[in-house]
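# Structural features, examined
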Amino acid sequence: MAAATALAVAVLLYAPGPLRLSTLLVALLANQLGGIAPDIDQPTAPLWRNLPEGHYVGKVFGKLLGGHRFISHSLLGLVLFAWLTNLALHALHPIMPHVDIQLVWWAFVIGYVSHLVMDTLTKEGVPWLLPVPYKFGVPPLRRLRITTGKFMETLVLLPLLVGFDIWLFASHYNHFTGILKTLVR
Ligand SMILES: [Zn+2]
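Structure report, in brief. These figures come from a predicted structure and were not determined experimentally.

Quick look at unusual backbone geometry now. A cis geometry characterises the amide bond from Leu 130 onward to Pro 131, with omega recorded as 5°. With respect to the helices and strands, Pro 131 occurs in the loop between helix H6 (101-120) and helix H7 (151-171). The omega torsion across Val 138 and Pro 139 is -10°, close enough to zero to call that bond cis. For Pro 139, the position within the fold is in the loop between H6 and H7.

Right under this line is the structure:
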């Protein structure tokens, strides 16, 4: 949700010009993947829950990445994942030659950053500056922050995001439909 919201805002700020349908679809997928990628360090992440034996694979990844909310939840992890995604996109480009992989890469990065920003609002905080071991949070007072998966997150933050999305879409309706109209195959 946060990933898609961030992507929509980015699209408004930096109008990407005529888009291909294939680019749009792959970018939306990459955006969602970017939004869940940081949590591959957690055996209970959606990615691992939905794979057979994924729980165990998740545990291995969690160990490799230093446990939950560690490397994958930092600027270092962002650079690492962005680099790997860039490699993967270049490797995949021959089988999807019409897809603008640079836009897809941005969609992934935007999804990834939005995840870290949302996690920053929670009690655990985010170790943005690893190897500096301090976990940053907003607001700085820990007890004012949100508990992951609790009341505040599902009943306050999610409706706020949905409300913002509806407002964003309604107030920029022509802009969004304009982009859809210029979609080329
Ligand atoms: Zn996370």
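Moving on from the coordinates now.
This part takes up a nonpolar patch on the surface. There is a patch of nonpolar side chains on the surface, built from Met 1, Leu 158, Val 162 and Ile 166 and spanning about 350 Å² of accessible area. Turning to its location among the elements, Met 1 is positioned in the segment before helix H1 (2-13).

A word on the coordination of the zinc ion. Looking at the zinc ion, one finds its protein donor set to be Asp 39 (OD), His 73 (NE2), His 115 (NE2) and Asp 119 (OD), positioned 2.0 to 2.3 Å from the metal centre. Here the donor residues of the zinc ion share one chain and are spaced in sequence as D-x33-H-x41-H-x3-D. A residue pair is termed long-range when its members are at least 10 positions apart, and Asp 39 in the loop between helix H2 (21-36) and helix H3 (46-49) and His 115 in helix H6 qualify at 76 residues. A relative accessible area of 11% places His 115 in the buried class.

Calculation notes
- Residues numbered from 1 in each chain as written.
- Predicted model: local features only at pLDDT ≥ 70, side-chain atom pairs only at ≥ 80, totals over all residues.
- Heavy atoms only, no water.
- Helix = DSSP H or I, 4+ residues; strand = E, 2+ residues; numbered from the N terminus.
- Patch = residues over 30% accessible without salt bridge, like charges linked within 9 Å, V, L, I, M, F, W, Y side chains within 5 Å.
- Areas by Shrake-Rupley, 256 points an atom, 1.4 Å probe, with all protein chains shown as cover.
- Salt bridge = Lys/Arg side-chain N within 4 Å of Asp/Glu carboxyl O.
- Donors = N, O, S within 2.8 Å, 3.2 Å for Na, K, Ca; no water.
- Buried < 20%, exposed > 50% of the residue type's maximum accessible area, 1.4 Å probe, protein only.

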